[in-house]
Amino acid sequence: MFRSSSFHTIDPKGRIIIPARFRKVLKADDEYGVVVSIKDGCIYAYTFDEWKNLEQKIRAARSAIMEKFKRFFLGNACPLKCDKQDRILIPQSLRTYADIDKEIVLVGVLNRFEIWSREKWDQENLKMEQELEKEEVQEEIASIGL
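Residues numbered from 1 in each chain as written. Predicted model: local features only at pLDDT ≥ 70, side-chain atom pairs only at ≥ 80, totals over all residues. Heavy atoms only, no water.

Remarks on the nonpolar core
Core analysis: the largest hydrophobic core is formed by 24 residues, its most contacted members being I43, I90, F113 and I115. Mapped onto this core, the elements with two or more residues apiece are α1 (20-27), β3 (33-39), β4 (42-46), β5 (78-81), β7 (103-108) and β8 (113-117). Setting aside residues no more than four positions away along its own chain, I90 makes contact with I10, G14, I16, I43, L80, R95 and I115. Core analysis: the next-biggest nonpolar cluster, separate from the first, contains 13 residues, V35, Y44, Y46 and V105 among them. (Core = buried A, V, L, I, M, F, W, Y, C linked by side-chain atoms within 4.5 Å. Buried < 20%, exposed > 50% of the residue type's maximum accessible area, 1.4 Å probe, protein only. Helix = DSSP H or I, 4+ residues; strand = E, 2+ residues; numbered from the N terminus. Contact = heavy atoms within 4.5 Å.)

Here's what the structure looks like:
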């Protein structure tokens, strides 16, 4: 599982280094790399096995909104292999969507990790801090024992 956050830079060619703790998860998979797509203003990255599971769930969804979501999410998906320096090359179209230029944050979210521009990540954290003050949010979080 992917956990924790780390702050990095993306090189001018669009390559990022995968943190060692994330590499361990990726190397446990059949293929060393990720499948990436875009959602929520960032880039989602899944192991190849996790992506296969996700595709099965998406394939089973048949509503009109899910058809549009398939087009968006799967249409922007890219399989990326890690190179010998444990880097992946993020396509320009995905970097543009996520406003990724130089400073980035990799955020572990259990079955995936997310790649955020540092500025967007700071904004997202601030929004979440404000959400955590709402009683209904606190109750929902408390319902799982936290």
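Once you've had a look at it, read on.
A closer look at the pairing of β4
Buried residues dominate β4, accounting for 5 of its 5 residues. One ladder, built from 5 bridges, connects β3 with β4; its direction is antiparallel. Looking across to β4, one finds that S37 is bridged to Y44. Here β3 folds back onto β4, and the loop between the two strands holds 2 residues, one of which, D40, carries a positive phi near 60 degrees. Pairing between β4 and β8: 3 bridges, direction antiparallel. In the sheet register, Y44 faces β8, and the bridge partner there is E114. (Pairing = 2+ DSSP bridges.)

Honestly, that's just the spatial picture; any functional story needs more than this.
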